[in-house]
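Remarks on the overall topology
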Amino acid sequence: MRKSILLAILPLAVFAAKEPRSWPVTGVVTEECAVAVSVKPMLYSAATQGREDALRSELRVRDSKGRDIPYAFRAAKTRVVDEVKDWRELKVTRVTETDGRLVVDAEFPAGSSNPERFLALKVATPLTDFEQSVEVSSEGVPLASGVLCDYRKFADLRVTEMPLEASYRRTLTVTFAKPTSEAAAAAFERTIRENGEGKLEAKSVRESVVNRPFRIDSLSVAVPRTRVRFEAAPPMEVLTACTVETDSKAKKTVLETSVFGLPMTAVAINAVDRNFSRKVAVFRRMDARWHPLATGRISAVNLPGEKKSNLEIAFGREVRETALRVEIENDDNPPLALETTSDAGVGLPLTLKVTQYDIVFVATPGEKYSLAVEPGADRPRYDEAILGYIDRVQDPARFEIGLNTVGGDPFIIGGEDGPTAIWLTSPFDVIPFISVIVFVVLGLICIWLIKSTNSPKQES
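For clarity, every value in this text was computed on a predicted model and none was experimentally measured.

Some words on the pattern of salt bridges
Going through the model one piece at a time under the given rule, you end up with 29 salt bridges. One salt bridge in this structure joins lysine 85 and glutamate 161, with 3.2 Å as the shortest N-O distance. Of this pair, lysine 85 sits in strand 5 (residues 77–89) while glutamate 161 sits in strand 12 (residues 161–167); the two residues are 76 residues apart in sequence, bridging distant segments of the chain. With a relative accessible area of 33%, glutamate 161 lands in the partly exposed category. Here aspartate 86 makes a salt bridge to arginine 88, at a shortest N to O gap of 3.5 Å. The partly exposed category is assigned to aspartate 86, whose relative accessible area is 24%. Taken together, the salt bridges that share partners define one network made up of Arg60, Arg62, Asp68 and Glu374.

Right, dumping it as structure tokens:
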């Protein structure tokens, strides 16, 4: 009996490295709707290391009864609100020629919602090759002035709209400085005079000028309109602890860190020196060896008349690795001074640029949810009807992961340029290493117990 129990326990040591972990999700909704939870670094670290797309397979969303909830794992998007021009054509009510100027009265179209303000005025005219000064007023109050023109005989320049920053007015008066515009006629007159001997005495060329009425097809005003669009969220910046060693013989500074399968697009070296330029090579850990991933150059110049800095090595794509090695070539220069201390007293020489992802699911009022990572689990397959609905929701409500539990991120801070996570980790994942030791120890105990059980009893 003792033998069978020990043999059953032995395989469990292999899986002790990664146990299921869970985190509560905070947030409430007043009606059933799609909600999104930002994927934090600790979720990647809880998944099986070295497994392709591990988190997508092993992640689960559960309700308060422990039931799995369908979810979509998708790239995070940022909601961007722009103010754009919405053009409204005015109704021309009167046109007069007064004091050598063209005066046009117009009014905002009835039946449409009145905007808070105007942004610009546009004059549609079929004429080319003109210059026209324009003044805009309302009930005798000057609002704006500008110049419209078409210089296409000299260059590709045509301006038919002008700024009109003013509050909403029902009626507008647009005054043009020239009721007519001058243009050279296509034909010209040439006169040749000869003397009595038939020799050329004089030649003259006279171009005629045509006066054209300044034809106005329509007047329009631009009013503000809010446009909402969604674009890829900026990368999350994850500060990571790592080992830092100087190889004097190879004239290199070598940094190594675990990255737990984070979806990275670049790495930045947090150098505090200035006025340097160094070659950098980045390697990834595969098959117990380091393989080249990306190369580049970092530099920083802070001198009179020139200030620039580029400390980032881009990968050109999204990569998910277990560990990174960064080699900085020093040549005959002293090693770079790197960020060595954080607020927690830990060196943070590297910043990982990580693609932001969201976990999106449908939440119901009053329900509480949690996230769980189950190492080794198969990738879930959910109903396409739910996934299709989730995919169409561009701007879901936001829930957050509760971080006041064991296994949460040590630090999550928000910056002006987006979220920044400080991920404190050792240069390698120690849990599998410990698991191997446990496995070996248990194996030796099992062998000893088996031998002692099968050994013949000594006679008394």
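Considerations on the sheet that holds strand 27 (residues 357–363)
The strand order across the open sheet formed by seven strands is 3-28-1-29-2-27-4, and the pairing between neighbours is mixed. Looking at the sheet topology across the chains shown, the edges are occupied by strand 3 (59–63) and strand 4 (71–75). In this sheet, neighbouring strand axes are inclined to one another by 30 degrees on average, regardless of whether the strands run parallel or antiparallel. Sheet analysis places strand 3 next to strand 28 (residues 369–373), joined by five bridges and oriented antiparallel. By the bridge assignment, aspartate 63 is partnered in strand 28 with tyrosine 369. Contacts between helix 5 (residues 384–392) and the sheet are confined to strand 2 (33–38), strand 4 and strand 27, with strand 4 contributing the most and set at about 35 degrees to the helix.

Things to note about the pairing of strand 7 (residues 101–107)
Within strand 7, five of the seven residues are buried, leaving the element largely enclosed by the surrounding structure. What sits between strand 6 (residues 91–98) and strand 7 in their antiparallel hairpin is a turn of two residues, with aspartate 99 showing a positive phi close to 50 degrees.

Comments concerning the environment of valine 134
Residue placement: valine 134 occurs in strand 9 (residues 130–138). Separated by 44 residues in the primary sequence, valine 134 and lysine 178 have C-alpha atoms spaced 9.2 Å apart. Each residue touching valine 134, except ones within four places of it in the same chain, is listed here: Ala144, Ser145, Gly146, Leu148, Met162, Val174, Thr175 and Phe176.

A closer look at the environment of asparagine 275
Mapping asparagine 275 onto the fold places it in the loop between strand 20 (263–269) and strand 21 (276–286). In this structure, the C-alpha to C-alpha distance between asparagine 275 and serine 309, residues 34 residues apart in sequence, is 9.2 Å. Once you skip the residues sitting within four places of it in the chain, asparagine 275 turns out to touch Ala300, Val301, Asn302 and Leu303. Within polar-contact distance, the side chain of asparagine 275 engages the backbone nitrogen of asparagine 302 at 2.8 Å.

Looking at the sheet that holds strand 8 (residues 117–124)
Within the open sheet, the four strands sit side by side as 5-16-8-12. Their pairing is antiparallel. Two strands lie at the open edges of the sheet, namely strand 5 and strand 12, each paired on one side alone. Each strand axis lies, on average, 35 degrees off the axis of its neighbour in the sheet, ignoring direction. Sheet topology places strand 8 next to strand 12; five bridges connect them, and they run antiparallel. Bridge pairing in strand 12 links phenylalanine 118 to alanine 166.

Conventions adopted
- Residues numbered from 1 in each chain as written.
- Predicted model: local features only at pLDDT ≥ 70, side-chain atom pairs only at ≥ 80, totals over all residues.
- Heavy atoms only, no water.
- Salt bridge = Lys/Arg side-chain N within 4 Å of Asp/Glu carboxyl O.
- Helix = DSSP H or I, 4+ residues; strand = E, 2+ residues; numbered from the N terminus.
- Buried < 20%, exposed > 50% of the residue type's maximum accessible area, 1.4 Å probe, protein only.
- Pairing = 2+ DSSP bridges.
- Axes fitted to C-alpha atoms, helices over the stretch in contact; angles between N-to-C directions.
- Contact = heavy atoms within 4.5 Å.
- Polar contact = N/O pair within 3.5 Å; in protein donor to acceptor, adjacent residues only side chain to side chain.

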